[in-house]
Amino acid sequence: MAQYKGAASEAGRAMQLMKKREKEREQLVQLKQKIAEDNMVKSNIDKKFSAHYDAVEAELKSSTVGLVTLNDMKAKQEALVKEREKQLAKKEQSKELQLKLEKQKEKKRKEEQKRKIASLSFNPEDEGEEEEEEENEDEELDYCPARKKYLGKNPDVDTSFLPDRDREEEENRLREELRQEWELKQEKIKSEEIEITFSYWDGSGHRKTVKMKKGNTMQNFLQRALEVLRKDFSELRSAGVEQLMYIKEDLIIPHHHSFYDFIVTKARGKSGPLFSFDVHDDIRLVNDATVEKDESHAGKVVLRSWYEKNKHIFPASRWEPYDPEKKWDKYTIR
């Protein structure tokens, strides 16, 4: 550092300013390190989420090869959906059971510790009386009958690894209670109503809204939408649900999926969230299309015949079948 040539007061002031700048520089470096660590934590969050019904999707694909009747298809879909819900229930039950078992062990440990302290505790005020009574006790020993010694379990030994029928029955009972509690909670969520905003797409959009339950499937939704649209569009009067497609965030959603599936897994699409069905504005018109917000695009209801004729033209050229294994991580909620 160059030597300062000037008044002593000015030199002191210059020294204070240099120390202040050095301190601010250190704080800036620490802040950068903290931001980098936070970004690393956030980048690892998505790795903790995995599709819980990949095996179910594979089973559905393998079991519907070839010609299959509509009733068989619905029966297989219902069976696979129940299997998926059981898998979710088992995961939730195991977590809650582990927490309750840890709490019970901690409670038993504290009770055992209190019991030991109580059995070993003594009253300091009785020490003088004990000295006076020692001589009398020695004289009475000859007349006291021999006391029986009982061998008991050592309380210091950990026996949690040994089989215990009572403990296993308690765990099974607790597991069953948690399973029933989880199922009731999920059924309550599925019975909640949500407003679905959709657009019948025949080259231009015709926006409509219907109310559905979260547990309803896309097939139930398309049936309801068909009843609403038949009044205004003559080409839909003879159409059936099997001839309709539901497009959400540029993904073709299979009929057997329910709104609950996307809500509980926070699924994402190519251009927005799959778990948000109420629409305020088209985010591609008012914001950056690569940034996902709470507002999502209105889902499109399309005739399969229209899609086959126009799938090489925008926007149908962007549409692709929904794959739960494929992730769209570049869209983040802010």
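Going by the structure above, here's the rest.
On a predicted model such as this, the values are computed, not experimentally measured, just so you know.

Q: What should I look at first to understand the pattern of salt bridges in this one?
A: Opposite charge on two side chains permits them to pair, given that their charged atoms come into close proximity. One pass over the structure, following the stated rule, counts 16 salt bridges. Of the charged contacts in the structure, one is a salt bridge between Glu227 and Arg224, with a shortest N-O distance of 3.7 Å. Of this pair, Glu227 and Arg224 both sit in helix H6 (residues 218-229), 3 residues apart, roughly one helical turn. With relative accessibility at 40%, the residue Glu227 sits in the partly exposed group. Under the relative-accessibility criterion, Arg224 is labelled partly exposed at 36%. The shortest N-O distance in the salt bridge between Glu308 and Lys311 comes to 3.2 Å. Overall, Glu308 belongs to the partly exposed group, its relative accessible area being 48%. Of the residues examined, Lys311 reaches a relative accessible area of 41% and is grouped as partly exposed. Counted as one network, the salt bridges with shared partners bring together Glu170, Arg173 and Glu177.

Q: Hey, could you run me through the packing of aromatic side chains in this one?
A: The description of two aromatic rings rests on the distance between their centres and on the angle between their planes. Inspection of the entire model under this criterion finds 7 aromatic pairs. Both rings, one in Phe198 and one in Phe221, keep their centres 5.5 Å apart while their planes meet at 85 degrees; by these two values the pair is edge-to-face. Within this pair, whereas Phe198 is found in strand E1 (residues 193-201), its partner Phe221 is found in helix H6, the two being separated by 23 residues in sequence. As far as the burial class goes, Phe198 and Phe221 line up, both buried. Centroid distance Tyr200 to Phe233: 4.7 Å. Interplanar angle 55 degrees. Geometry classified as tilted. Taken together, the residues Tyr200 in strand E1 and Phe233 in the loop between H6 and strand E3 (244-248) connect sequence positions 33 residues apart. A single burial state applies to Tyr200 and to Phe233, both of which are buried. The rings of Phe198, Phe221, Tyr246 and Phe259 are connected pair by pair, giving a single aromatic cluster. For the cation-ring pair, Lys300 lies above Trp201, with the distance from its terminal atom to the ring centre recorded as 5.3 Å.

Q: Looking at this model, I keep getting lost on the nonpolar core. Mind explaining?
A: Generally speaking, soluble globular proteins have nonpolar side chains that are buried together. Formed by 38 residues in total, the largest nonpolar core has its most connected members in Phe221, Leu236 and Trp319. Counting only elements with at least two residues in this core, the list comes to E1, strand E2 (205-213), H6, E3, strand E4 (251-253), helix H7 (259-265), strand E5 (299-303) and helix H9 (304-310). It is H6 that provides the largest number of residues to this core, a total of 6 residues. When near neighbours in sequence (up to four residues on either side) are disregarded, Phe221 contacts Ile196, Phe198, Val210, Met212, Tyr246, Phe259 and Val301.

Q: Explanation requested: the pairing of E3 in the structure shown.
A: Taken residue by residue, a regular strand's side chains alternate between the two faces of the sheet. By the criterion of burial, E3 is predominantly enclosed, with 5 of the 5 residues buried. Alternating positions in E3 separate into two faces, Leu244, Tyr246 and Lys248 on one and Met245 and Ile247 on the other, with burial throughout. Pairing of E3 with E5, which is carried by 4 bridges, proceeds in the antiparallel orientation. Along E5, the bridge assignment pairs Tyr246 with Val301. Alignment of E3 against E4, held across 3 bridges, turns out to be antiparallel. Bridge pairing in E4 places Tyr246 opposite Ile253. Hairpin geometry of E3 and E4 is characterised by an intervening segment of 2 residues between the two adjacent antiparallel strands and by a positive phi of about 55 degrees at Glu249.

Calculation notes
Residues numbered from 1 in each chain as written. Predicted model: local features only at pLDDT ≥ 70, side-chain atom pairs only at ≥ 80, totals over all residues. Heavy atoms only, no water. Salt bridge = Lys/Arg side-chain N within 4 Å of Asp/Glu carboxyl O. Helix = DSSP H or I, 4+ residues; strand = E, 2+ residues; numbered from the N terminus. Buried < 20%, exposed > 50% of the residue type's maximum accessible area, 1.4 Å probe, protein only. Phe/Tyr/Trp six-rings, centres within 6.5 Å; stacked < 30°, edge-to-face > 60°. Lys NZ or Arg CZ within 6 Å of the ring centre and 35° of its normal. Core = buried A, V, L, I, M, F, W, Y, C linked by side-chain atoms within 4.5 Å. Contact = heavy atoms within 4.5 Å. Pairing = 2+ DSSP bridges.

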